[in-house]
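Here's the letter readout for the chains.
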Amino acid sequence: MSTTTSAQSKPETPPTDERLASSHGMASILRRPEVGALVAAIAIFLFFALTTEAFTRASGASTWILTSSTVGIMAVAVSLLMIGGEFDLSAGAMWGTTGLTTGILMTEYELNVWLAILASLVLAIIIGVLNGLLVMRTGLPSFIVTLGTFFVLQGLNLGVTKILINQVSVTGLQDAPGYVQGQQLFGSFVKLDLGGSTLTIYAVTFWWVAVTAVATWVLLRTRAGNWIFAVGGAQTSARQVGVPVFRTKIGLFVTTSLAGWLVGMLGLFKTTTVQSVTGVGQEFIFIICAVVGGCLLTGGYGSAVGAALGALIFGMVGQGIVYEGWDSDWLFAILGVMLLGAVLVNNFVKSRAEAVR
Amino acid sequence: MSSKGTADTPSEADHGSPGPPPAGEAVIEVRDIGKSYGSVIALRDVTTSVRAGQVTCVLGDNGAGKSTFIKILAGAHQHTSGEFLVDGEPQRMSSPRDALSMGIATVYQDLAVVSLMPVWRNFFLGSEVTKGVGPLRRLDTAAMKSITKSEMQAMGIDLRDVDQPIGTLSGGERQCVAIARAVYFGARVLILDEPTAALGVRQSGVVLKYIAKARDRGLGVVFITHNPHHAFPVGDRFMLLRRGRSMGDFAKDEVSQDELVNMMAGGSELAEISSELSSDMGPASPVAKQMEADVQHK
C-alpha cells in the first residue's frame, strides 16, 4: 500500500532504485531454498571428517560418493516432480523394473544390448505417462495413485521374473553379448590414486552431476521450469494464464520414470546383477532428500541442487555411521529427525518469502 | 506452442498484435446468450456488447450468473444458446487459450498469480520471453525483469524489487500486475472479475483509475461488480443480471445511478427487507430508518 502512495507523489523514478540495496547481496543468497541443505552438508562432512579417519580417505570417500550419486539422480527428478506439486512412490520400484527388463532381455533372450536398453526406456516412459494420466484424469492425489503403481510394479517385478527365468534375480550379465558396450556407458569408472589410497568415481557420479546441472538449468532458465513452479504453486492460476498444465505434469512423471530407468541401467551394468526387490523401499528416501534440499511438500518451491545436496547428506550419514562404528540401524532415526527439521526450516523459509518486506 | 509473436518480440508487444480497433466499434457482441448445465439453467437471454475504448459493466448480486457470463466470454465454458460474436463473426471458444488468441484476456478474482513466484515470473507466466535456439533456448530474464518494472511504472506502481514473491504485494498492487500483464500482451478486451470486491475504499479507487487507464488505451473493458457505486463512474454501458436473467442493457445516458442501485437491489425486495428490519429491531432503530429512507427515495 505504501508503494502505491509513494508512486503517486513521484511517478518518475530513476531506473536504479536506492531501496534495493537493503535486500540484495547476502539476503538474496539466503533466500535460496537449498541454503539449509548446504549448511547441513558442510557440517555433516566436517563432523565425520574430524571424528573418523576412514571418511575422508580416498577409498572411504568412494563409497559414500557412490551411494549419494545413485540416490541423487532419483532425488533430483523427484524434486522436480515435488516442485510441480506431485509425488511418485513408484520411482524406487521403477529402478528394479527397468533393470530386470533389460537384464532378462539380454541374458534370457540374448537381445542386442541397445535394443534391450531401449525396451526398458520405452517401458519407463509408458509407466510414467500412465502415472501422469491416472493422476490428471481422475484428479486423485498422486500419493495414492503412485502407491498403487508402486505395488503393481513390486508384484510384477517378482511374479513376471519368476515366470520368465524361474528365479528372482538376473545374474551373469557379464557373459551376455554386447555387455561391454553398455558397461562403457553406464558401468565404467575412473580410478585416481591419491597418496596410497584409490578414489573410485563411477559413471553414476558423472550422470548425477549432469542430471543436477540440466535440472537446475531447466528449472531456473527455461519456460518449462517456469511452468513447473507454476503448476505446483497454483495449478488453477497457471491454467488461467495459459500454462499447459496437463503436458507439464505428464512430463514430470515421465522425467521421474526416466530417472528410475537411468538408475536401473547404471546399477545393472555396474553390478551385472539385479534383484526383483531392487529399489523397493527407496521411494521415501528420494522424497526425504528433496525435502532436506528445500522442497515444500505442498509444491511450488524447491531446488534441484538442494535435492542433490540432500542425497549427498544421505550418503555421508549412511557411510559415516558405519565408519563411526555405530549400529547402522540408527540411520533411519537420524533420517527421520533430519526430515522433521527440514520441514520446519522450509515452512519458516516459505512464510518469510511470502511476508511483506 | 504459445509463443505468439508478442512473446518473442517484446518491443512490439505493447502495440497489440492486430492493434485496437477504432473507438466505439463493437469487439464482442452477445445476443440472447444462455448456458445450462443439464436441467439447471445458469444464464439465459443475455444481450450486450463490448466496444473498444468503452467500459461495459456487468452488475449483479451473488448468484446472479455473473461468473457464468464471464466464463463464457473468457472461453472457459461454452454457451448453450444464443449468439456470441467476436468482430462480427460467430465464435464458439473451447478454451481460455482460444479467447486469449482473439485478444480477450481475463483477470480473475484470485488474479491467476502464483504467490511464491517472483513478480516478473508471474508477469510473463505462460508467455515467457526467450532467447537462443534449440536446447539453448532460455528465458531472457534481464528483458523480462526490466519490462515488468517499466510496465508497472506505466501503471503508476513503483516496485522496489521485481524479484520479490508476488504474494508480498498488496491486493491493489497484485490487481495492477494482472491488469498490466493483460494490457502488455495485447489484450483488446479486458474482463475484470470483481476487481474491487476484496479491496478497501482507497485501493478500490486506485483500481478504478487503472480501469479508466486501460479504457483510454483503447481497450474494451468488461467490469464485473456488485457495487453500482464503483460501476457508475467508469462505465459506459450497464448490463444487469438477476437470477441468471438479464434485467436490461443500458447505455450511460439511459440510466441514472439511483436507478441502477434500485434495479440492482430489486425495489420490492428492498421494501420487504425494510419491513422485516423494522419488525425485528423496532421502527425507531437507525438501521430500519435508513432502510425506509432508501425505499422511499427511489
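Before any of the text, the structure's been laid out above.
Residues numbered from 1 in each chain as written. Chains lettered and ligands numbered in written order. Predicted model: local features only at pLDDT ≥ 70, side-chain atom pairs only at ≥ 80, totals over all residues. Heavy atoms only, no water.

A. Just the overall build of chain B, in detail. A tally of regular secondary structure across chain B gives 12 helices and 12 strands. In chain B, which comprises 298 residues, the share counted as buried stands at 54%. (Helix = DSSP H or I, 4+ residues; strand = E, 2+ residues; numbered from the N terminus. Buried < 20%, exposed > 50% of the residue type's maximum accessible area, 1.4 Å probe, protein only.)

B. Spatial organisation of the overall build of chain A. A tally of regular secondary structure across chain A gives 15 helices and four strands. Within chain A, the proportion of its 357 residues that are buried is 50%. In chain A, of all internal contacts separated by at least 6 residues, the share reaching a separation of at least 24 is 77%. Of the roughly 15700 Å² of accessible surface on chain A, 69% is carried by carbon and sulfur atoms. (Contact = heavy atoms within 4.5 Å. Areas by Shrake-Rupley, 256 points an atom, 1.4 Å probe, with all protein chains shown as cover.)

C. Quick look at the packing of aromatic side chains. Counted according to the given criterion, the structure contains 22 aromatic pairs over all chains. Where Phe186(A) meets Phe269(A), the ring centres are 5.9 Å apart and the plane angle is 25 degrees; that geometry is what we call stacked. Here Phe186(A) is found in helix 8 (residues 179–186), whereas its partner Phe269(A) is found in helix 12 (residues 245–271), with 83 residues between them in sequence. Comparing Phe186(A) with Phe269(A) shows no difference in burial state: the two are buried. Stacked on the ring of Tyr37(B), the Lys or Arg Lys35(B) has its end atom at 5.0 Å from the ring centre. Taking NZ or CZ as reference, Lys252(B) lies 5.1 Å from the ring centre of Phe232(B), over its face. (Phe/Tyr/Trp six-rings, centres within 6.5 Å; stacked < 30°, edge-to-face > 60°. Lys NZ or Arg CZ within 6 Å of the ring centre and 35° of its normal.)

D. Highlighting the pattern of salt bridges. Residue and element names in this part refer to chain B. Under the counting rule described, the total for this entry stands at 12 salt bridges over all chains. One salt bridge connects Glu29 with Arg31, and the closest N-O pair in it is separated by 3.5 Å. Exposure remark for Glu29: the relative accessible area of 23% places this residue in the partly exposed category. Between Glu83 and Arg31 there is a salt bridge, and its shortest N-O distance comes to 3.5 Å. Here Glu83, found in strand 4 (residues 81–86), pairs with Arg31, found in strand 1 (residues 26–37); they are 52 residues apart in sequence, far enough to count as distant. Classification of Arg31 as partly exposed rests on a relative accessible area of 36%. One connected set of salt bridges, linked through shared partners, spans Glu29, Arg31 and Glu83. (Salt bridge = Lys/Arg side-chain N within 4 Å of Asp/Glu carboxyl O.)

E. Structural detail: the pairing of strand 2 (residues 40–51) of chain B. Residues and elements named next belong to chain B. Here strand 1 runs beside strand 2; their pairing, made up of eight bridges, is antiparallel. Across the sheet, residue Ile33 finds its bridge partner in strand 2, namely Val46. Hairpin connection of strand 1 to strand 2: two residues between the antiparallel strands, including Gly38 at a positive phi of 60 degrees. (Pairing = 2+ DSSP bridges.)

F. A look at a nonpolar patch on the surface. Together, Tyr109(A), Val152(A), Leu156(A), Val160(A), Ile163(A) and Leu164(A) make up an exposed nonpolar region whose accessible area comes to about 560 Å². Turning to its location among the elements, Tyr109(A) is positioned in the loop between helix 5 (91–107) and helix 6 (113–138). (Patch = residues over 30% accessible without salt bridge, like charges linked within 9 Å, V, L, I, M, F, W, Y side chains within 5 Å.)

G. Expanded view of the pairing of strand 12 (residues 245–251) of chain B. Residues and elements named next belong to chain B. Relative to strand 12, strand 11 (residues 237–242) is paired through six bridges, and the arrangement is antiparallel. Note that in strand 12 the partner of Phe238 across the bridge is Phe250. Where strand 11 hands over to strand 12, the hairpin turn is made up of two residues, of which Arg243 adopts a positive phi near 45 degrees.

H. Inspection of the environment of Leu147(A) at higher detail. Position of Leu147(A) among the secondary structure elements: in helix 7 (residues 142–165). Each C-alpha atom, one on Leu147(A) and one on Ala91(A), is 9.9 Å from the other, the two residues being 56 residues apart in sequence.

I. Molecular detail of the packing of helix 6 of chain A against helix 8 of chain A. Residues and elements named next belong to chain A. At a minimum axis distance of 8 Å, the contact between helix 6 and helix 8 shows a crossing angle of 55 degrees. Between helix 6 and helix 8, the angle falls in the class oblique. Contact residues: Val113, Trp114 and Ile117 in helix 6; Gln181, Gly182, Leu185 and Phe186 in helix 8. In terms of residue class, the contact of helix 6 with helix 8 is built from five nonpolar, two polar and no charged. (Axes fitted to C-alpha atoms, helices over the stretch in contact; angles between N-to-C directions. Parallel < 35°, antiparallel > 145°, perpendicular 65-115°, else oblique. Nonpolar A, V, L, I, M, F, W, Y, C, P; charged D, E, K, R; others polar.)

J. Focus on unusual backbone geometry. All names here are of chain B. Even without a glycine there, the phi angle at Asp87 is positive, about 55 degrees. Structurally, Asp87 is set in the loop between strand 4 and strand 5 (89–90). Residues other than glycine seldom take positive phi values, yet Arg243 does so here, at roughly 45 degrees. Along the chain, Arg243 falls in the loop between strand 11 and strand 12.

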